[in-house]
Number of protein chains: 2
Amino acid sequence: MKIGIIGLGLIGGSLGLDLRQRGYQVFGVSRSSQTCEIAKERGVVDEGSVDLAILKETELIYIATPISAIAPTLEKLLPYLAPETIVTDVGSVKEEIVRTCSELWPNFVGGHPMAGNIQQGIEAAQLNLFAQAPYVITPIKTTPIAAQEKVGAIASSLNSKVYYCTPENHDQAVAWISHLPVMISANLIASCIQETDSEVLELAQKIASSGFRDTSRVGGGNVELGVMMARYNRSSLLSCLKQYRANLEQLSDYLETGNWSEITKILQETQQSRPNFTS
Amino acid sequence: MKIGIIGLGLIGGSLGLDLRQRGYQVFGVSRSSQTCEIAKERGVVDEGSVDLAILKETELIYIATPISAIAPTLEKLLPYLAPETIVTDVGSVKEEIVRTCSELWPNFVGGHPMAGNIQQGIEAAQLNLFAQAPYVITPIKTTPIAAQEKVGAIASSLNSKVYYCTPENHDQAVAWISHLPVMISANLIASCIQETDSEVLELAQKIASSGFRDTSRVGGGNVELGVMMARYNRSSLLSCLKQYRANLEQLSDYLETGNWSEITKILQETQQSRPNFTS
């Protein structure tokens, strides 16, 4: 089976490595001919090109570009698609993308392999990046069953944990566990550096340890990705932020009034609930 | 030199192991005779007792009890202290403790070895727990120089990174890098579990990965410690929370109005600033 991948970064490149290992013939497209060369050398693709025409005989195509380029890429791809070709994407936000892309191409299946790495680009591509990681598939009413099943079967063959849900549920869930954490984590760093007493700021920087390191990690990460998340998942993120801010106001009130029993209750509840997300 | 340690948990126990290895004779006091036995067996102390009288010939005493017990412990200790005995503590909040304890005993030096572990108690005590970790010493105007230097010299011998500052600056700095992170992290978990759509909540729990794990870690930790921090560092924590909430409101406004350039600026700034705290 011939598979296409558009966008040969960490995700697209790692998909290529996995898929070739599983016997698929992989055709890769990148805007950069140098990336195509590296992809061939590294065994990410069988054939690489800057021209979408290379994909015209593929049965399944992954669009692995940044979020903002997914729909525009599909539009440019349309002339090369056979009627039965399935197109899927790897974007971390789904509602808008799935709606737009399904209108452009009925055989479109939204997907979100939730794997990552601090490194980016083709050089960071690695085998088994998706193993044991969630891979969320987000069909809508019009999505052909066969296409969903195909994308799901390949995700399973990568040893991903495959979940199906609506694009809306996906976006709300990732707002809670991924996009809200980025915002509150970034806001922690942004607030700390506003400390006006330079001695306190300097001391804080020196004594910050694992607690600060962990809590601030995702807020000090990839800027473009953070902005994209905010931009494409704005309404879900706003609803999470609203809830979060109301709770933080409540917590501050408890602190202000010395309501230690309520603060104890909250911390007991969070201690008990966290394993439901992490185990 | 004879050294006393009151409270043989993770911190007190680990101090005992380190100090004995460096040739000090260590006398330990615990409320539990069983803990005293374990401490002797594990080589944490030379002598252990439930009775403070065992400390009457020691030159330096560490109070390694929970925060709320530090001043009451010092009060009970007073009858056994020789005039030149130095008393220090290991509490994670300093202003109130140092003020109260310095009034009780002029030769008191506030200290905060910033090492920890998920495990607690004497069984978790380990050698070199304090190596490479910050050890903040918080003298006030009346603290004798010789006493500060003694506590600092021993902290250095544990290979800690020793810093000196006022109790107020310490408390403000730890509010930023330790206590505020606990509150915003706990508030993340508390908010997520309020999701009313059970399908979304279940999906969120399944797909949460390293980003959520790291951001929620300190908010799902030790409840008693979290409440103590809040209680004893209330005013600094409240000032940090006020700033944090104002910034989060601003960030929400930018998101609401689609001001991506301001969000980009914030994320660029946090990305650039984080290494000042973590490297």
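Residues numbered from 1 in each chain as written. Chains lettered and ligands numbered in written order. Predicted model: local features only at pLDDT ≥ 70, side-chain atom pairs only at ≥ 80, totals over all residues. Heavy atoms only, no water.

1. Overview of the relation of the copies chain B and chain A
No. 1: Aligned on chain A, chain B shows an RMSD of 0.0 Å; the corresponding rotation is 180° and the shift along the axis is 0.0 Å. Both chain copies can therefore be described as sitting about a two-fold axis.
No. 2: A shared binding surface is used by both copies, with 99% of the interface residues of chain B retained as interface residues in chain A. (Least-squares fit on C-alpha atoms with pLDDT ≥ 70 in both. Contact = heavy atoms within 4.5 Å.)

2. Section: helix α9 (residues 223-232) of chain B
No. 1: Every buried residue belonging to α9 of chain B is among V223, G226, V227, M228, M229 and A230 of chain B, and all of these are buried.
No. 2: Looking at the buried side of α9 of chain B, the elements it contacts are α10 (234-256) and α11 (260-273) of chain A together with α3 (67-77), α6 (167-192) and α10 (234-256) of chain B.
No. 3: With a side-chain oxygen lying 3.0 Å from the backbone nitrogen of E224 of chain B, the N-terminal cap of α9 of chain B falls on N222 of chain B. (Buried < 20%, exposed > 50% of the residue type's maximum accessible area, 1.4 Å probe, protein only. Helix = DSSP H or I, 4+ residues; strand = E, 2+ residues; numbered from the N terminus. Polar contact = N/O pair within 3.5 Å; in protein donor to acceptor, adjacent residues only side chain to side chain.)

3. Description of the interface of chain B and chain A
No. 1: Contacts between the two partners involve 85 residues from chain B, matched on the other side by 84 residues from chain A.
No. 2: Where chain B abuts chain A, roughly 8400 Å² becomes buried across the two surfaces, and 68% of that area is made up of carbon and sulfur atoms.
No. 3: At the boundary of chain B and chain A, one finds two salt bridges.
No. 4: The salt bridge involving D214 of chain B is made with R217 of chain A; its shortest N-O contact spans 2.6 Å. (Buried area = accessible area lost by both parts, 1.4 Å probe. Salt bridge = Lys/Arg side-chain N within 4 Å of Asp/Glu carboxyl O.)

4. Observations concerning the sheet that holds strand β1 (residues 2-6) of chain B
All names here are of chain B.
No. 1: Sheet architecture is open: six strands sit in the order β3-β2-β1-β4-β5-β6, paired in parallel fashion. Of all the strands in the sheet, just β3 (47-49) and β6 (108-109) have a single pairing partner and so form its edges.
No. 2: The strands touched by helix α1 (residues 10-21) within the sheet are β1, β2 (25-29) and β4 (60-63), with β1 carrying the most contacts at an inclination of about 165°.
No. 3: Packed on one face of the sheet, helix α5 (residues 145-157) meets β1, β4, β5 (86-89) and β6 and runs near 55° to β5. (Pairing = 2+ DSSP bridges. Axes fitted to C-alpha atoms, helices over the stretch in contact; angles between N-to-C directions.)

5. Digging into the packing of α11 of chain A against α6 of chain B
In helix packing, the relevant descriptors are the interaxial angle and the interaxial distance, both defined with respect to the helix axes.
No. 1: Two elements in contact, α11 of chain A and α6 of chain B, have axes separated by 9 Å at closest approach and are oriented at 70°. As the angle between them shows, α11 of chain A and α6 of chain B are arranged roughly perpendicular. For the pair formed by α11 of chain A and α6 of chain B, the contact residues are L267, T270 and S273 of chain A on the first element and A186, I189 and A190 of chain B on the second.
No. 2: For the contact of α11 of chain A with α6 of chain B, the per-class residue count stands at four nonpolar, two polar and no charged. (Parallel < 35°, antiparallel > 145°, perpendicular 65-115°, else oblique. Nonpolar A, V, L, I, M, F, W, Y, C, P; charged D, E, K, R; others polar.)

6. Some details on the pattern of salt bridges
Residues and elements named next belong to chain A.
No. 1: One pass over the structure, following the stated rule, counts 16 salt bridges over all chains.
No. 2: One salt bridge connects K206 with E202, and the closest N-O pair in it is separated by 3.7 Å. Pair noted here: K206 and E202 are both in helix α7 (residues 198-207), with a separation of four residues, about one helical turn.
No. 3: By relative accessible area, which is 43% here, K206 ends up partly exposed.

7. A short note on the sheet that holds strand β7 (residues 111-113) of chain B
Residues and elements named next belong to chain B.
No. 1: Read from one edge of the open sheet, three strands run β7-β8-β9, paired in mixed fashion. A single partner strand is all that each edge strand has here, and the edge strands are β7 and β9 (161-164). Across the sheet, the mean angle from the axis of one strand to that of its neighbour is 15°, orientation sign disregarded.
No. 2: Judged from the four bridges that link them, strand β8 (residues 134-137) and β9 form a sheet pairing that is parallel. Note on β9: the bridge partner recorded for Y135 is V162.

8. Digging into unusual backbone geometry
Residues and elements named next belong to chain B.
No. 1: Within the chain, N128 stands out as a residue other than glycine whose phi angle is a positive 60°.
No. 2: Positionally, N128 belongs in the loop between β7 and β8.
No. 3: With relative accessibility at 38%, the residue N128 sits in the partly exposed group.
No. 4: Positive phi, normally seen in glycine, also occurs at N159, with a value near 70°.
No. 5: Relative to the helices and strands, N159 is located in the loop between α5 and β9.

9. Here's the deal with the side chain of N187 of chain B
No. 1: The residue N187 of chain B is located in helix α6 in this model.
No. 2: Ignoring anything within four residues of it in the chain, the contact list for N187 of chain B reads Y244, N247 and L248 of chain A.

10. Quick notes on the pairing of strand β4 (residues 60-63) of chain A
Residue and element names in this part refer to chain A.
No. 1: Residues L60 and Y62 point to one face of β4 and I61 and I63 to the other, with burial holding for every one of them.
No. 2: The pairing of strand β1 (residues 2-6) with β4 spans four bridges and is classified as parallel. Residue I3 lies in a different strand from β4, and its bridge partner there is L60.
No. 3: Note that β4 and strand β5 (residues 86-89) share four bridges and pair parallel. Across the sheet, the residue bridging to Y62 is T88, located in β5.
No. 4: Assessed by its sense of winding, the connection that carries the chain from β4 through helix α3 (residues 67-77) to β5 is right-handed. (Right-handed = clockwise from strand over helix to strand, strands pointing away.)

11. A short note on helix α1 (residues 10-21) of chain A
Residues and elements named next belong to chain A.
No. 1: An ideal rise of 1.5 Å per residue puts 16 Å on twelve residues; α1 measures up with 17 Å between its terminal C-alpha atoms.
No. 2: With ten of twelve residues buried, α1 lies mostly within the body of the structure.
No. 3: Turning to α1, its buried residues are L10, I11, G12, G13, S14, L15, G16, L17, D18 and L19.
No. 4: Residues of α1 that are buried make contact with β1, β2 (25-29), β4, β7 (111-113) and α5 (145-157).
No. 5: The first or second residue beyond α1 is G23, which carries a positive phi of 95°. (Expected span 1.5 Å × (residues − 1).)

12. Some words on the confidence of the model for chain A
No. 1: Confidence in the prediction for chain A averages 96 pLDDT; 100% of positions are at 70 or higher.
No. 2: Model confidence for the complex: the whole-complex pTM is 0.93, and ipTM, which rates the interface, is 0.94. (pLDDT = per-residue confidence, 0-100.)

13. Thoughts on the environment of I38 of chain A
All names here are of chain A.
No. 1: Within the secondary structure, I38 sits in helix α2 (residues 33-41).
No. 2: Separated by 26 residues in sequence, I38 and A64 have C-alpha atoms that sit 17 Å apart.
No. 3: Beyond its immediate stretch of four places on either side in the chain, I38 contacts I122 and E123.

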